[in-house]
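Coordinates in review
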Amino acid sequence: MRQLFSIMAGWSRHYLVVTALCSLLFATVYNFAFWRHVGSIYAGTDLRLLFRLLTPVAICALMMVIFTVLFSWRWLLKPVIIVLMMINSMASFVAINYGIIFDTDMIRNVFETDPAEASAYLSFTAAAYVIFLGVLPSVILWRTRIIWPESILRGLAGRVALSGASLAMALAIVLPDYQTYSFIGRNNPGIAKEIMPVSYIVSTVKYVKSTWFPKTYEYIHVGEDAVIASTSQRPRLMVFVVGETARAQNYPENGYSRDTTPYTSGKGLINFSDVSSCATSTALSVPCMFSNLTRNDFSPDIAEYRDNVIDVLTQAGVQATWIDNNSSCKGVCKNITYKELGNTDGCDSDKCRDEVMIPMVEKLAQDVTKDTVIFLHLIGSHGPRYYERYPERFRKFTPDCSRPDVENCNLADLINTYDNTIVYTDWVLSSLTEVLKRHEDDADPMLFYISDHGESLGEKGLFLHGAPYMIAPDYQTRVPMQMWLSENVRSTQNLDSNCLVSRAARQALSHDNVFHTLLGLMQVKTEAYDARMDALSICRDVTAVKGNTDPAVSSATPAPGSTPAYVKSPSMQGNQQRSAAPDAA
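The structure reproduced in this document is the subject of the present report. Since the model is a prediction, treat every value here as computed from it, not as a measurement.

**A look at the pattern of salt bridges**
Applying the stated criterion across every chain yields a total of 17 salt bridges. A salt bridge links Glu150 to Arg154, with the shortest nitrogen-to-oxygen separation between them at 3.8 Å. Pair check on accessibility: Glu150 and Arg154 agree, each one exposed. Here Glu392 ties to Arg395 by a salt bridge, and the two come within 3.2 Å at their closest N and O atoms. Judged by relative accessible area, Arg395 falls into the partly exposed class, the value being 32%. Through salt bridges with shared partners, a single ionic network connects Lys267, Glu434 and Lys437.

What follows is the structure, encoded as C-alpha cells:
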C-alpha cells in the first residue's frame, strides 16, 4: 500500500499531470463568470442534456492543449502559471462581480488607468480573491517538486500525446454540433472574449502591438483653412465640460422619476435627450468625440496622426485651456495649455472634487479679449467609489453606499449613491453657468456639457462600464448632453430658442456630432466643418458658418443628428439591453 501511494504521489508531480491540473483549474474555477454566462444562455433552451454536459469537457480539453503546448516546459511552467494565477485572481474578481470583459479596449483602460483610479477598486472582497485564487495556489505550485522527463524526445512525445488526445476529444465533441455552437457564438458575439487567460493574453498582445509597435501613418492636418467668422462684436467664451460616467437614464429631463438636476432646473439649459457615446470607456470616447472621424471609422492609432477639433480651433485663433480632474485628456490637448489637478489645488489628499475647477474658470474668464474655450474634464460619477465624488452636503438620496465593492451594496443604496454624484455634477454645472452669466456684458458665454460614456448599476448583473460596444447595454452608451447659451449667442448666431428645445428633445445625436457642433458654436469657418453634423445648424442661419456645405442642402437634410448606424433604440429606460456580462442576456 505504501508503494502504491508512493507511485501515485510520483505521478501527481509528473510535469504533464501538473500541467493538466493547472489547465483544469483555469478552465473551471478561474472562468466562473464565463460558465455563469453560458448557463444563462443555455437556460430556457431545448438543448439536449448531453450537449450541455459536453461543452465544459470541450473547453477543458482545448485549455489543456494550450497549456501543454505553451507552458509545460521546465523553465516556464512555474513562473508563467504563477503569474497567470495572480492575474486571474484579480481578473476573476472584476469579471464575476462587475461583468468586465477583457477585450483590447479594456486592456487599454487597464494600462492607461492611473494609480489613484486603480486604488478605487481595492476592497476586502478583492483581497480575498487575490489570496484564495492567487497566492494560495501559487504557493502550492511553487512548492511542488515537478518530475521532468529524462530526455527531450520523451518530453516531446508526452506533450504531443497529451495535446493530440485533448484536441481530438475537443473536435469529437464540437464538430458534430458545429452548427449549434456557431449559432450560439453568432448570437452572443462577446462570449469568446470571456475565456481567461486566453482573452486578456490575446488582447494584451494586440494592445502592445498597436501601442508600442504601431503602424506609422502620414500626419493629416485638418482645418488648415480655419478662420473665425464672427457675427458678434464680443469674444466668445465657452466652458466645454467632459463628464465622466454619467448616464442619460438618470436625468429627469429624460424621464427619470427623481430630481437629480435641481440646480440647473429653470436656468435655461437645453437638454439633448437621445445622445450615444462613441465607446464605453474614457480612453476611447474622449479622443473619438473630439475627432472628425465617426465612431465607425475611428481608431486611436489613426486619430493620433491627425488633428482634432481643438487643433482646428487653435488654428483659427481660439485660445484653449484644458483642466483635468480625471485620468488625462487622452492626447487630445497635447497642443494647448494643460493643467492637472493635484494637492496644491485645494484637494483632499489625492482626491479632488470637481468644484475645485470653478474658481479656476472664474480666473480664466477674467478679461477675455479673444475667443476662448476652457475644457474641463470631470471625475464626475466615476466608480466604484461613487461616495467619494460628492461632499456630505450633497447626500440628497440616502442611505448611500460608502464602500468600493459595489456588488455587495444594496442596489437601492447604490443607485442613491450614483444619483448623488449626478446631483453634485448638476451643482457644478449650475455654478459654472453663474460664472459665465457674470461675463455676459463683456463676452458671449456658453456652456457645453457631454459625458464620455454611461454606467451599469447592477442591471442584469452588470456593473461599471467598458463592455464591448456591440453588446453593451444602453446604460453604458446613452449619455447626457446639455448646453447653456447666452441670449447674445442665440441672437448673433440666429439660433431660434423654440427650435433648439424642440429639436433637442427628439433628434438622435452622438459623439460624432461634437466636432462640428463645437466649430459651429465658435463660428469657425473651415472646409472641415459639416453643417449636417452640427446639432444646432437646423436652428440657425447656416450661411454664417457654412464652410463647404451648401445651405440649401443643409436645410433640406435631416442630418443634424441623423441617426448613425451604431445608434441603438431611443428608449431611455434601457429595459431591453443585451448584456456584456453573465446573467445579462
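Next, the rest of the story.
**Overview of the packing of aromatic side chains**
Scanning all chains against the criterion turns up 25 aromatic pairs. Seen in terms of ring centroids, Phe26 and Tyr30 are 4.6 Å apart; in terms of plane orientation they differ by 55°. Their pairing is tilted. Judged on exposure class, the residue Phe26 and its partner Tyr30 are both buried. Summarising the aromatic geometry, the rings of Phe26 and Phe67 are spaced 5.1 Å apart at their centres and angled 50° between planes, so their arrangement reads as tilted. Separated by 41 residues along the polypeptide, Phe26 in helix H2 (residues 15–28) and Phe67 in helix H4 (residues 49–71) bring together distant segments of the chain. Comparing Phe26 with Phe67, the two get one shared label, buried. Through a chain of ring-to-ring contacts, the aromatic side chains of Phe240, Phe290, Trp322, Phe375 and Phe448 assemble into a single cluster.

**Topic: helix H8 (residues 124–143)**
In this model H8 runs 27 Å from its N-terminal to its C-terminal C-alpha over 20 residues, within 8% of the 28 Å that 1.5 Å per residue would give. On its buried face, H8 is in contact with H2 and helix H5 (77–98).

**Quick look at the state of the cysteines**
Under the criterion given, the structure shown has 4 disulfides. Bridging Cys499 to Cys539, the disulfide has an S-S length of 2.0 Å. Taking the torsion about the sulfur-sulfur bond, which here is approximately -75°, the covalent link between Cys499 and Cys539 counts as left-handed. Taken together, the residues span a long stretch of sequence, with Cys499 in helix H19 (residues 497–506) and Cys539 in the loop between strand S13 (524–525) and helix H21 (551–556) at a distance of 40 residues. For the pair formed by Cys499 and Cys539, the shared burial category is buried.

**Considering the nonpolar core**
Counting residues in each nonpolar core, the largest one holds 95 residues, and the members touching the most others are Ile81, Phe102, Val241, Leu376 and Leu432. Here this core gets 11 residues from one element, more than from any other, and that element is H5. With residues near it in sequence (within four places) discarded, Leu376 still touches Val239, Phe240, Val241, Val242, Ile323, Met357, Val361 and Leu432. In terms of nonpolar packing, the next biggest core, distinct from the first, is built from 51 residues, Cys329, Met483, Leu495 and Cys499 among them.

**Comments concerning H19**
When H19 is considered as a whole, its buried residues turn out to be Cys499, Leu500, Arg503 and Ala504. End-on, the buried residues of H19 take up no more than an arc of 120°, which puts them together on one face. Exposed residues lying more than 90 degrees from the buried face of H19 are Asn498, Val501 and Arg506. Where H19 is buried, its residues contact strand S3 (270–272), strand S11 (481–485) and helix H18 (487–492).

Rules used throughout
- Residues numbered from 1 in each chain as written.
- Predicted model: local features only at pLDDT ≥ 70, side-chain atom pairs only at ≥ 80, totals over all residues.
- Heavy atoms only, no water.
- Salt bridge = Lys/Arg side-chain N within 4 Å of Asp/Glu carboxyl O.
- Buried < 20%, exposed > 50% of the residue type's maximum accessible area, 1.4 Å probe, protein only.
- Phe/Tyr/Trp six-rings, centres within 6.5 Å; stacked < 30°, edge-to-face > 60°.
- Helix = DSSP H or I, 4+ residues; strand = E, 2+ residues; numbered from the N terminus.
- Expected span 1.5 Å × (residues − 1).
- Contact = heavy atoms within 4.5 Å.
- Disulfide = S-S within 2.5 Å.
- Core = buried A, V, L, I, M, F, W, Y, C linked by side-chain atoms within 4.5 Å.
- Arc of directions from axis to C-beta.

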